Structure formats: structure tokens, C-alpha cells
Amino acid sequence: MDAYDVIIIGTGAGGGTLAHHLAPSGKKILLLERGDWLPREPQNWLSQDVFVENRYVSEDTWYDSKGKAFQPQVHYFVGGATKLYGAALYRLRKEDFGELGHHDGISPAWPISYEELEPYYTKAEQLYQVHGARGEDPTEPHASGDYPHPAVSHEPRIQQLSDDLAGAGYHPFHAPCGIMLDESNPPYSRCVRCANCDGFPCVVHAKSDAEVIAVRPALEHPNVTLLTDAKAVRLETNAAGTAVTGVVVDRDGDTETFAGEIVVVSCGAANSAKLLLESGTEKHPNGLANASDQVGRNFMFHDSTAVLALSREENPTVFQKTLGLNDFYFGADDFDYPLGNVQMVGKSQSPMFRGEKPIETKLAPQFSLDRIARHAIDFWLSTEDLPRPDNRVTVDREGKLTLSYTETNAEARKRLYGKVKSIVGDLDMNPGHLIHRFAYMKTDIPEAGCAHQAGTCRFGSDPADSVLNTDCRAHELDNLYVVDTSFFPSIGAVNPALTAMANALRVGDHLLERLAA
């Protein structure tokens, strides 16, 4: 059995970042990735291939609580979900770390404060080359350092929208974005500011994803080894059940086992829970680290809605994801509970409509879809999903993953949509910008769209109601850690990737101290 100081299962925002942080230690590190390198090919930037044919979506089958099969929108590649993310790298608000009352209940407090994670947010922003502007967003928490790069500029139509929002009394801001763009020196900029970023792989490696930023540099260290197409199927423990002794891996139908002094799980919230549940032993009959019966429970993903408004004039914007609005993050004049975050989403392209609404667009002539895309201004609305014990991942004896989920905070999501619709209507007071009757294509993201999944192995100070301690180590096993978004007790209403990256750096410091002892 091959032995390592650290085995990291998964190479995304959590696992990839952790590997980068530990690599200079000289410790023997094994990275296990169930997928392969995402191929660099022309299809990376073709919306037909990405959004209609789902070229890069996994072939997994999951099941809902009624036993209906569905294909989750997850991606198994080196770099994990970050390979196709929109690179919106937000901090949670300071208030998100405390208890917050919502229309549907309580968003629980974290066992650590914002202040404890703040230095790692700053380090993660530096590592992932985030572009942004401090001080524009009134809800933004304090930061110990400025963004390492200036905000990505708005193109003229989005600048006009920002000006109109500000003129109407709102507080638009430049969205924090992880792309390798140098607007001051375009000939030497890796990023070409194309339309095929949000939801696409980047063929020129100009997106700050975990493969490019973290895994590739980590592999330059001779002590770091990566195995691709290596799916962890089970964790073995010692007889006492107090430590993981082996990671059982399926590689092309062959089984291999690797030993690690420290084992870190970072497979994504659903699959991390699945791995632990499938690793039950006599000492852990309900699954590994599951004496609290919390593994797999409290599954969350944002209540998200994609909305486009049709501008009277064409919207020639290419890179649209540059603006955010948090005026309703904690509530509104007519609603005492948090509503959520509004941000731009990647610019509409007509093939996307056929991928998102195949039935509705089947008979639509191409020229009409093209016209909608030319005039579209696209928004992404996120409302906080609340942790519920019955929203959970379970696994049967055959390994079938069932995701039981009931929506939370539907009223808040409805009201946030209403606010955006009202705003767009108010801005029509500026003639020539938006049509008087609004045509929306509203896409409610189903359970399959679980890119922002979190919560299945939440951390806490009490082993009775949490899976991990505040160092993200399993309460019941001395050498088992989880560093993806599974550890979240709550999800907030902004993209979770930067929080996963920051936490991986925080846990990485703990592991460096432990490895040096």
C-alpha cells in the first residue's frame, strides 16, 4: 500500500487550494481526481456544445425523493466545478456568520466569526487574482487588504445601467471577478474578455479556476502527485474506528488502496456525503463520522433565478458579468427579511435558450431567438437556502444517491424577483433604454442545477449536531478532514467559491502546524 503524508480527494475550490497551500511544505501529497483534465478544444467556447449538448456535464445519475432519475449539473475534472464557474468571487457578509432570521426560519450562526476567516479571504483574493473595488457595496464587510487587481470595467450598456441604478438611489457595484485580465496592457493580457466565460471552460486558461491557479503550480513540486480518473469509493479505518487508514480507489475498473497520515475529503457536498455514508464500519454503522446523524443532512443550494429583460436598444455587451446589487440582501422597506443578491450573468446567446427551454423554443425561428439575445440584459438572482435536516443526501446498498429536497425561502425569492422587475420598470423613465412591456425568460434552477451545493458535513463545536469541528476535522476520527462547501452551516446569498478557498487556506495553516509537530 502506497503511503502519503496527506491524501486530498478532489481538486476543486477546496481540495485544489489546499494542495497549493501544502505543496511547499515538502510533505508527500497525493491528489485524487475522479475526472481527467478538461480537454482544451474549440468546443470549450461553443454555446451549442456547452449548453445544449452538455458536453462537459457528468454522466452521473441521481434520484429525487420520489425515485425519479435526473442528471446533476456537476463536472468532474481537474479543478472541479471551478472549471465552468462564472468566477464571481464574493465574500460572505459579516452578518452571514451570525444567526439571521429569514421568512422561512433561521439561518444558523457559524462556529467561527468573520474576523477569524477574514485574513484568509484576503489571501484567497490574492491567490485567485480577484478584480474588484472596495467601498462601493454598502453590505461589504471590512477587509484587511485591497483587491489585488482593479475592478473589471463595465462596457457602455452596463455602465449606463449602473448609472441609472445609482440615479434611482440604489448602490450598484463592480462585481468581484477572478479572471486574468489586464485592461491597462491588452496585448499582454491572458484574458481576452470574451463572451464565453460564465458557464464555459476557458480555452486560453485565463479564468482563475482551481486547476490553473492551484493544481498546476502545486504539481511543480516533486512531492505532489496527481492521479486522474481515480474515484475514491471507500475510506477504511483502524479497528478502533478512530482514524482513516486507507483510501480505496477505482481506476479504470482496478482497485487500489492508498494510505495517508491525513485524509482530506473535497468531493463536493453531495459526493463527500456519499463517500462517508458508503464507508460505514462496525464502529461507524451509519457511515463514517456520522454518530450525529448529520452526514448528508442540511443540503443547501441557492434559490437562484436567471432573468433577462429586453432592452429597447440592442445590448452589444460582450463580457457582461461586471455588476452586482446588494440593496435587498438583508431586506427591503416592505419586507423585514433578507431577499438576496442580484448580479449580472453571462451575456445571452441564442443557443442557450434552446438548452435551457428546449420545449418552449423548439418551434421558435432562429432569427427571433437571435433578436432576443441581441437585446437581452441578463440578471442572476440568488436567495439564501436554509438548512433543513430532511433536505439530505442518502445512499442505498447499491450506491444509488438520492437527493431529497424541498425548497425554502420561496417567498423571499419571489419578492426579490419582484424587486428586480420593478427596478427595470422604473429605469424605463430613461427613454430609449428599456421597452415599456417587458419580456422575460425566467429560468428557475431545478435540483439538478446544484453548482452551489453545500452543508452536508457542517462544522460546529458540538459533536451532537455537527460532523466536523472548527478545524474541519471529523469529531470522531483524528485524521479525517473535509474542506469543500460541505462544512457550511449556512450558505448566505452570494457565490460560495471564495469562502471555500479561504477556508481551505485556514485549514491548511492548521495542517501545516500539525505536520510540523
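Here is what the cut-offs are and how they apply
- All residue numbers refer to positions counted from 1 along the written sequence of the respective chain.
- For this predicted model, a pLDDT threshold of at least 70 governs which residues receive local features, and a threshold of 80 or more governs which side-chain atom pairs are given and counted, while totals over whole chains, interfaces and linings are taken from all residues.
- Hydrogens and waters are ignored; side-chain quantities use all the structure's heavy atoms.
- Numbered from the N terminus, helices here are DSSP runs of H or I no shorter than four residues, and strands are runs of E no shorter than two.
- Here the expected length of a helix is defined as 1.5 Å per residue gap, with one fewer gap than residues.
- By definition in these notes, contact holds between two residues if any of their heavy atoms fall within 4.5 Å.
- Burial classes: relative accessible area under 20% of the type maximum marks a residue as buried, over 50% as exposed, and values in between as partly exposed (1.4 Å probe, protein chains only).
- Pairing between two strands is assigned when DSSP locates at least 2 bridges connecting them.
- All axes are obtained by fitting lines to C-alpha atoms, using only the stretch in contact for helices, and the reported angles, taken between N-to-C directions, cover 0 to 180 degrees.
- Any angle between 65 and 115 degrees counts as roughly perpendicular, while under 35 counts as roughly parallel, over 145 as roughly antiparallel, and the rest as oblique.
- Crossing handedness is read from the near helix: turned anticlockwise from the far helix by less than a right angle, it gives a left-handed crossing, and turned clockwise, a right-handed one.
- Here the nonpolar group is Ala, Val, Leu, Ile, Met, Phe, Trp, Tyr, Cys and Pro; Asp, Glu, Lys and Arg are the charged ones; every other residue, Gly included, is treated as polar.

> Just checking my understanding: could you explain helix H3 (residues 114–127) for this structure?
An α-helical turn contains 3.6 residues, so a residue and the one three or four places further along point in the same direction. Its 14 residues give H3 an end-to-end C-alpha distance of 19 Å, which sits within 8% of 20 Å, the value for a rise of 1.5 Å per residue. Buried residues in H3 make contact with helix H1 (15–22), helix H5 (210–219) and helix H11 (497–516).

> When you look at the pairing of strand E17 (residues 401–404) in this model, what are you seeing that I'm missing?
Remark: a regular strand shows side chains that alternate across the two faces of the sheet. Because side chains alternate across E17, one face comprises the buried residues Leu-401 and Leu-403, and the other comprises Thr-402 and Ser-404, equally buried. With two bridges connecting them, strand E3 (residues 62–64) and E17 associate as parallel partners. If you follow Tyr-63 over to E17, its bridge partner there is Thr-402. Both strand E16 (residues 392–395) and E17 contribute to a ladder of four bridges, which runs antiparallel. Residue pairing in the sheet places Thr-394 in a bridge with Thr-402 of E17. From the end of E16 to the start of E17, which pair antiparallel, there are five residues, and Gly-399 there has a positive phi angle of about 85°.

> So what exactly am I meant to see when it comes to the packing of H3 against H11 here?
For any two helices packed against each other, the geometry comes down to the angle between their axes and how far apart the axes lie. It is the contact of H3 with H11, at a shortest axis distance of 8 Å, that shows an interaxial angle of 110°. Classed by the angle they form, the pair H3 and H11 counts as roughly perpendicular. Viewed along their axes, H3 and H11 form a crossing whose handedness is right-handed. Facing Leu-117, Tyr-120, Tyr-121, Lys-123, Ala-124 and Glu-125 of H3, the residues of H11 in contact are Leu-498, Thr-499, Met-501, Ala-502, Asn-503, Leu-505, Arg-506 and Asp-509. Its residues assigned to classes, the contact of H3 with H11 shows eight nonpolar, two polar and four charged.

> I keep staring at helix H6 (residues 269–277) and nothing clicks. Help me out?
Counting buried positions along H6 gives eight out of nine residues, so the element sits mostly inside the fold. Within the span of H6, buried status applies to Ala-269, Ala-270, Asn-271, Ser-272, Ala-273, Lys-274, Leu-275 and Leu-276.

> I keep staring at the pairing of strand E10 (residues 244–251) and nothing clicks. Help me out?
Pairing of strand E9 (residues 231–237) with E10, which is carried by six bridges, proceeds in the antiparallel orientation. What sits directly across from Glu-236, in E10, is Gly-246. Linkage of E9 to E10, two consecutive antiparallel strands, is achieved through a turn of six residues, within which Gly-241 is found at a positive phi near 75°. Across five bridges, the pairing between E10 and strand E11 (residues 254–265) is antiparallel. Within the sheet, the bridge partner assigned to Asp-250 lies in E11 and is Thr-255. Taking the residues between adjacent antiparallel strands as the criterion, E10 and E11 are bridged by two residues, where Asp-252 takes a positive phi near 55°.

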